[in-house]
Amino acid sequence: ADVGLVGVPNAGKSSLLAAATNAKPKIAPYAFTTVTPNLGVWRSAADTEASLVLADIPGLLEGAHEGKGLGRAFLRHIERCRLLLHVVDGTRPDPLGDFEAVNTELRLFSPRLANKPQVIVLNKLDVPAVAEAAPQLLERLAAAAGHKRVLAVSAASRANVPALMGRLRKLVASAPAEPPPSVLEPTVALDEVEEAAECNVVPVQPRVWAVSGARIEKAAAMTNWDYHEAQERFQRIMGALGVSAALKRAGAENGDTIMVGAVDFKYYEETAMAVRARLAGYGDREEEEELGEGEGYEA
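Residues numbered from 1 in each chain as written. Predicted model: local features only at pLDDT ≥ 70, side-chain atom pairs only at ≥ 80, totals over all residues. Heavy atoms only, no water.

J.: Looking at this structure, I do not really get unusual backbone geometry. What am I missing?
T.: Trans is the common state for peptide bonds, and a negative phi is the common state for residues other than glycine. Phi at Lys124 takes a positive value of approximately 80°, unusual for a residue other than glycine. On the secondary structure map, Lys124 appears in the loop between strand S5 (118-123) and helix H5 (128-145). At Arg158, a residue that is not glycine, the phi angle is positive and equals roughly 70°. (Helix = DSSP H or I, 4+ residues; strand = E, 2+ residues; numbered from the N terminus.)

J.: Just to check I follow, could you spell out the sheet that holds strand S8 (residues 208-212) for this structure?
T.: For sheets, the rule is that strands pair by backbone hydrogen bonds, running either parallel or antiparallel. Read from one edge of the open sheet, four strands run S7-S8-S9-S10, paired in mixed fashion. Across the chains shown, the open sheet's two edge strands, defined by having one partner strand only, are strand S7 (200-205) and strand S10 (263-266). Adjacent strand axes in the sheet meet at a mean angle of 25°, parallel and antiparallel pairs treated alike. As judged from the four bridges shared by S8 and strand S9 (residues 257-260), these two strands associate in the parallel manner. Paired with Ala210 across the strands is Met259, a residue of S9. Here helix H8 (residues 214-222) sits on the sheet and contacts S8, S9 and S10; the angle it forms with S8, its principal contact strand, is near 105°. Contacting S7, S8 and S9, helix H10 (residues 243-250) crosses the sheet at an angle of about 140° to S8. (Pairing = 2+ DSSP bridges. Axes fitted to C-alpha atoms, helices over the stretch in contact; angles between N-to-C directions. Contact = heavy atoms within 4.5 Å.)

J.: Hey, could you run me through H5 in this one?
T.: Every α-helix winds through 3.6 residues per turn, so residues three or four apart in the chain are directed the same way. The end-to-end C-alpha distance of H5 is 25 Å, a good match for the 26 Å that 18 residues give at a rise of 1.5 Å each. A bend of about 55° at Ala134 is the largest found in H5, and the proline Pro135 appears one to four places after it. Along H5, the residues that are buried comprise Val130, Ala134, Leu137, Leu138, Leu141, Ala142 and Ala144. Looking one or two residues beyond H5, the residue adopting positive phi is Gly146, at roughly 80°. (Expected span 1.5 Å × (residues − 1). Bend = angle between axes of the 7 residues up to and from the residue. Buried < 20%, exposed > 50% of the residue type's maximum accessible area, 1.4 Å probe, protein only.)

J.: Explanation requested: the side chain of Asp56 in the structure shown.
T.: Residue position: Asp56 is located in strand S3 (residues 51-56). Buried and without a salt bridge, Asp56 has Lys13 as its closest oppositely charged side chain, separated by 5.1 Å. One polar contact links Asp56 to Ser14, side chain to side chain, over a distance of 2.5 Å. (Lys, Arg positive; Asp, Glu negative; His and termini not counted. Salt bridge = Lys/Arg side-chain N within 4 Å of Asp/Glu carboxyl O. Polar contact = N/O pair within 3.5 Å; in protein donor to acceptor, adjacent residues only side chain to side chain.)

J.: Sorry if this is basic, but what is going on with the packing of aromatic side chains here?
T.: Aromatic ring pairs: the centre-centre distance and the angle between the two ring planes describe each pair. Applying the stated rule across the entire model yields one aromatic pair. Plain terms: the ring middles of Phe234 and Phe265 are 5.4 Å apart, the flat faces sit at 80° to each other, and that makes the pair edge-to-face. A residue pair is termed long-range when its members are at least 10 positions apart, and Phe234 in helix H9 (residues 228-240) and Phe265 in strand S10 qualify at 31 residues. Of the two residues, Phe234 and Phe265, both sit in the buried class. (Phe/Tyr/Trp six-rings, centres within 6.5 Å; stacked < 30°, edge-to-face > 60°.)

J.: Please clarify how the pairing of S9 should be interpreted in this entry.
T.: Across a regular strand the side chains alternate sides, sitting on one face of the sheet and then on the other. Here four bridges tie S9 to S10, and the two strands are oriented antiparallel to one another. By the bridge assignment, Met259 is partnered in S10 with Asp264. Once S9 ends, the chain turns through two residues before running back antiparallel as S10, passing Gly261 with a positive phi of about 60°.

J.: Would you mind showing me how to read the environment of Asn160 here?
T.: Tracing the sequence through the fold places Asn160 in the loop between strand S6 (150-152) and helix H6 (161-174). Considered as a pair, Asn160 and Leu125 are 35 residues apart in the sequence and their alpha carbons are 9.4 Å apart. Those residues in contact with Asn160 that sit more than four places away from it in its chain are Leu125, Leu151, Ala152 and Val153. In terms of polar contacts, Asn160 uses its side chain to reach the backbone carbonyl oxygen of Ala152, at 2.7 Å.

J.: Sorry if this is basic, but what is going on with the side chain of Asp98 here?
T.: Following the sequence through the fold, Asp98 ends up in helix H3 (residues 95-109). Residue class for Asp98 comes out buried when judged on its relative accessible area of 4%.

J.: How should the environment of Ala210 be read in this particular structure?
T.: Along the chain, Ala210 falls in strand S8. With relative accessibility at 22%, the residue Ala210 sits in the partly exposed group. With sequence-adjacent residues up to four places away left out, Ala210 is seen in contact with Asn200, Val201, Val202, Val204 and Met259.

J.: Sorry if this is basic, but what is going on with the pattern of salt bridges here?
T.: Oppositely charged side chains can pair when the atoms bearing their charge come close. For the structure on display, the rule yields four salt bridges. Close ionic contact of Asp98 with Arg92 constitutes a salt bridge, the shortest N to O distance being 2.7 Å.

J.: In this structure, what is going on with the sheet that holds strand S2 (residues 38-43)? I would like to understand it.
T.: Across the sheet, six strands lie side by side as S2-S3-S1-S4-S5-S6; this open sheet has mixed pairing. Two strands in the sheet have a free side with no partner beyond their single neighbour: S2 and S6. Each strand axis lies, on average, 25° off the axis of its neighbour in the sheet, ignoring direction. For strand S4 (residues 83-89) and S5, the ladder comprises six bridges, and the chain directions are parallel.

What follows is the structure in structure tokens.
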């Protein structure tokens, strides 16, 4: 395919494929409607010779590079595309966090895949709240992506879809064709050497640690700390980048304060499910009294 549509589950990729092409994928208001890649062909109304093949790739979850969700097989489908169309759901609690989570999966799976050119679309512009927030969200997405190939669209109403396809046609025409990936191409291995390059852990005072590193500082700055889901995502990113392991080696304990850039939070060595339970008020009462009422994995 020329263009691969990526994003979190239920971001509207299938709806966008149907709005732009002759494809008729299954569309429903729940995650993982798409379980196999769908293909559609877009043809220009002005130039009958111009066409693009689009592939709707099943939604990616954190851990997809390890086979979670619909996993590695579909990441390999994306490798064959010349350009990625990253669909961001504007109605989600943390659209920017979703964008970064998907890009993290791409980076962890293959550096080559992470370097593919992307166009970012903020979907569901037909929802009034999304339309109101669109200018600010587009600005933040452009800053996170490092380019200005961002556009707000509505797959439901087809608003801005023709303009999007015109841009994609020009970008695909200028994108070099890539040879198929080698079977020997390694996935990203976050070993101890890479961990050292990713982050630096320094004790500030008893039970207070400063963590520095370009990628972890960027992830902390982009995390919406008001949402438990975003906090859990940040914990997974800490694990993927080797930060959690570095803190454990340095001697960090549950309840210690961690400073990353301008963000401070409490450190807990536990699963995402345990984090959710504690944040919901089901943590150990004695531990809460020891650490102080209301403290937790929060900024």
